[in-house]
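These are the residues of each chain, in order.
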Amino acid sequence: RIGYGQCIPHYGPSEPYLPLLEALGGLVRREEGRSLLQLLRRQAPTWLLQLPEFIEGSEVDILNRKVYGATPGRMARELVDMLEALTSKSAFVLWLEDLHWSDFSTIDLLAMLIRRREPAQLLVLGTHRPADATNTEHPLRNLMREVYGQAHCRVLPLGPLAPFDASDFIAARFYPPEFQKARLDEWGRCVHRLTDGNPLFMLALVDDLANRGMLGNSTYE
């Protein structure tokens, strides 16, 4: 099972645990939703309250009474305990994108997960751009220092893409297999030269070329 959460840039107060709530909501909507809802009711009622589309009106009052006076610390502990229960019999991947935009509560919860030593078949995958976290004084910087000191954590730096990566991307997106490889290689070298292999810049440039009609057909100009 995989839960996916996307962090987004904030221009004001951020909602706590936003990517984690997205991941849980996605799981509930899929086949395992009923069993996960039961687990949330039993072990993480504060989180279930944050997913109102999955609870009936009468249950809202019951949950509100149950979690009355709950602190942010309780909410974090509930989810950690729930994840350990969820992974007691089968593996779970929690995939969080762009942690440099994450709310601070999510970073605190990830730090709690890192420190836990209870058995769990849990893999947390998080992507981030280090420069963005450094420039904004984001608490992710401190979390990454802790990650480097943990034997069960790994940091996988991703370097720039190569010219053939750009060619493969353009081919997969626009062209049939029989399209001339020499022309694709030339496009790949051009895109790579203009973007230095930065994936984000490469995607933006390819989109711009496509909008101009220079990519996306069987002709080459």
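S.K.: Please clarify how the packing of helix α9 (residues 163-174) against helix α11 (residues 199-211) should be interpreted in this entry.
M.R.: When two helices pack together, you describe them by how their axes are tilted relative to each other and by the distance separating the axes. Where α9 contacts α11, the axes come no closer than 12 Å and their chain directions differ by 45°. If you check the angle between α9 and α11, you find them oblique. Crossing angle aside, the handedness with which α9 passes α11 is right-handed. Residues Ala166, Phe169, Ile170, Arg173 and Phe174 of α9 form the contact with α11, whose own contacting residues are Met202, Leu203, Val206, Asp207 and Ala210. Residues belonging to the contact of α9 with α11 are distributed by class as follows: 8 nonpolar, no polar and 2 charged.

S.K.: Please explain the side chain of Glu84 as it appears in this structure.
M.R.: Tracing the sequence through the fold places Glu84 in helix α5 (residues 72-86). Note on Glu84: relative accessible area 16%, which makes it buried. Reaching out from Glu84, the side chain makes a polar contact with the side chain of Arg116 at a distance of 2.9 Å. Excluding its chain neighbours within four sequence positions, the residues that come into contact with Glu84 are Arg116, Glu118 and Ala120.

S.K.: It is not clear to me how the pattern of salt bridges should be interpreted in this structure. Could you clarify?
M.R.: A side chain of one charge can pair with a side chain of the opposite charge if their charged atoms are brought near each other. On inspection of all chains with the given rule, the structure shows 8 salt bridges. Here Asp81 ties to Arg116 by a salt bridge, and the two come within 2.9 Å at their closest N and O atoms. Of this pair, Asp81 sits in helix α5 while Arg116 sits in the loop between α6 (104-115) and β3 (122-126), and the two are 35 residues apart along the sequence. The class of Asp81 is partly exposed, set by a relative accessible area of 31%. Notably, a salt bridge pairs Arg115 with Glu146, separated by 2.9 Å at the nearest N-O pair. With Arg115 in helix α6 and Glu146 in helix α8 (residues 140-148), this residue pair connects regions lying 31 residues apart in the sequence. For Glu146, a relative accessible area of 21% puts it in the partly exposed group.

Calculation rules
- Throughout this document, residue positions are counted from 1 along each chain, in the order its sequence is written.
- With the structure being a predicted model, the display of local features is reserved for residues of pLDDT at least 70 and the display and counting of side-chain atom pairs for 80 or more, all residues being used for whole-chain, interface and lining totals.
- With hydrogens and water excluded, all non-hydrogen atoms of the structure serve as input to the side-chain values.
- Throughout, an axis means a line fitted to C-alpha atoms (over the contacting stretch in the case of helices), and angles, computed between N-to-C directions, take values from 0 to 180 degrees.
- Runs of H or I in DSSP of at least four residues are treated as helices and runs of E of at least two as strands, each being numbered from the N terminus.
- Here the angle decides the label: under 35 degrees means roughly parallel, over 145 means roughly antiparallel, 65 to 115 means roughly perpendicular, and every other value means oblique.
- Take the far helix as your reference; a near helix turned counterclockwise from it by less than a right angle gives a left-handed crossing, and one turned clockwise gives a right-handed crossing.
- Contacts are assigned to residue pairs with any non-hydrogen atoms lying within 4.5 Å of each other.
- Gly counts as polar in this scheme, as do all residues outside two lists: the nonpolar Ala, Val, Leu, Ile, Met, Phe, Trp, Tyr, Cys and Pro, and the charged Asp, Glu, Lys and Arg.
- Each residue gets one of three labels from its accessible area relative to the maximum for its type: buried under 20%, exposed over 50%, partly exposed in between, using a 1.4 Å probe on protein chains only.
- By the criterion applied in these results, polar contacts are pairs of N or O atoms within 3.5 Å in which, for protein atoms, one can donate a hydrogen and the other can accept it, and in which residues neighboring in sequence qualify only through two side-chain atoms.
- Salt bridge, as used here, is a side-chain nitrogen of Lys or Arg placed within 4 Å of a carboxyl oxygen of Asp or Glu.

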